[in-house]
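# Working through the structure, step by step
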Amino acid sequence: YIGGLMKVSVVLLTHNTRDMTVANALKAAGALSPEDELVVVDNGSSDGTAAALGAQVPSARVLTPGLNLGFSKAANLGARNVGGEVLLFLNSDAELTAPALKALKACFMAHPRTGAVGAFLVHPDGSPQRSADGVPTLAAELLGKAPFRWLTPGLFPTVKPGTVWQRAQPNRSM
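Before going into details, it helps to say that this report is about the structure given with it. From a predicted model like this one, the values you see are computed outputs, not experimental measurements. (Residues numbered from 1 in each chain as written. Predicted model: local features only at pLDDT ≥ 70, side-chain atom pairs only at ≥ 80, totals over all residues. Heavy atoms only, no water.)

Residue position: F120 is located in the loop between α4 (98-110) and α5 (138-143). With relative accessibility at 27%, the residue F120 sits in the partly exposed group. Counting along the chain gives ten residues from F120 to R130, while the straight-line C-alpha distance between them is 8.6 Å. (Helix = DSSP H or I, 4+ residues; strand = E, 2+ residues; numbered from the N terminus. Buried < 20%, exposed > 50% of the residue type's maximum accessible area, 1.4 Å probe, protein only.)

This is how it looks when you write it as structure tokens:
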């Protein structure tokens, strides 16, 4: 860590979502601490995303491979071009807030052997967004999905207590 500070590298991936990408890149840039960095991988956009980012989010470094690499190759390109201790991938429709970034840093500082974490996602109205599921089984896949979920309430819960998939409750005070 730099002087006891953890550097987070945010890699925002986009393809032809200029306005949304610029808006969320501005929000992400505003949430970052001075030691953090924002890299946007413009995955072959034809809508002027890279130019708009350069003009409106000068703190972001924009990588333009020139073609649509697909999500995983674009994510790997971003990951190879950052220098933080923690790597945070964002889709262009995700809004990063300062409290969420603070919670991410706190998690890694409290648990330094942690290799990966998942965020507690919320919709714009603050309601929880489903972002995790239990350990996949054939029965859960066949019976736990709509339209069968209403037939088997509680039989296949989304996250089973006591498993590695157990979701931590969000700390809304951060």
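After that view of the structure, there is still more to cover.
Quick look at the side chain of E37 now. Tracing the chain through its elements places E37 in strand β2 (residues 37-42). With a relative accessible area of 14%, E37 lands in the buried category. A polar contact of 2.5 Å, which involves the side chain of E37, links it to the side chain of S9. Within polar-contact distance, the side chain of E37 engages the side chain of R61 at 3.2 Å. Residue contacts for E37: discarding those within four places in its chain leaves K7, V8, S9, V10, L32, R61, V82, G83 and G84. (Polar contact = N/O pair within 3.5 Å; in protein donor to acceptor, adjacent residues only side chain to side chain. Contact = heavy atoms within 4.5 Å.)

All right, on to α4 then. Here α4 contains 13 residues, and its C-alpha end-to-end distance of 18 Å stays within 8% of the 18 Å for a straight helix at 1.5 Å per residue. On its buried face, α4 sits against β1 (8-14), α1 (18-31) and β4 (86-91). (Expected span 1.5 Å × (residues − 1).)

Running from amino to carboxyl end, α1 crosses helix α2 (residues 49-56) at an angle of 30°, the nearest separation of the two axes being 9 Å. Classified by the angle their axes make, α1 and α2 are roughly parallel. When the axes of α1 and α2 are compared, the crossing they make is right-handed. Taking contact as the criterion, the partners of R18, T21, V22, A25 and L26 in α1 are, on α2, T49, A52, L53 and Q56. The residue makeup of the contact of α1 with α2, split by class, is five nonpolar, three polar and one charged. (Axes fitted to C-alpha atoms, helices over the stretch in contact; angles between N-to-C directions. Parallel < 35°, antiparallel > 145°, perpendicular 65-115°, else oblique. Left-handed = near helix turned anticlockwise from the far one by under 90°. Nonpolar A, V, L, I, M, F, W, Y, C, P; charged D, E, K, R; others polar.)

Turning our eyes to something else, we now look at the sheet that holds β1. Pairing is parallel in the open sheet, where four strands are placed in the order β3-β2-β1-β4. Both edges of this open sheet fall to β3 (61-63) and β4, since each of them pairs with a single strand only. Mean inter-strand twist for the sheet, computed between neighbouring axes without regard to direction, equals 25°. Strands β1, β2 and β3 of the sheet are contacted by α2, whose axis makes an angle of about 160° with β2. (Pairing = 2+ DSSP bridges.)

Judged by nonpolar contacts, the single largest core of 22 residues is most densely connected at V8, V10, L38, V57, L88, L96 and L104. Counting residues per element, the ones that place at least two in this core are β1, α1, β2, α2, β4 and α4. At four residues, the largest contribution of residues to this core is made by α1. In contact with L88, other than residues within four places in its own chain, are V8, S9, V10, V11, L96 and L104. If you look at the next biggest cluster of nonpolar residues, it comprises eight residues, including L13, V39, L63 and A74. (Core = buried A, V, L, I, M, F, W, Y, C linked by side-chain atoms within 4.5 Å.)

Once that is clear, we can look at the environment of P58. Here P58 shows up in the loop between α2 and β3. Given the relative accessible area of 68%, P58 is considered exposed. Placed 32 residues apart in sequence, P58 and L26 show a C-alpha to C-alpha distance of 9.5 Å.

In short, geometric facts, not functional conclusions.
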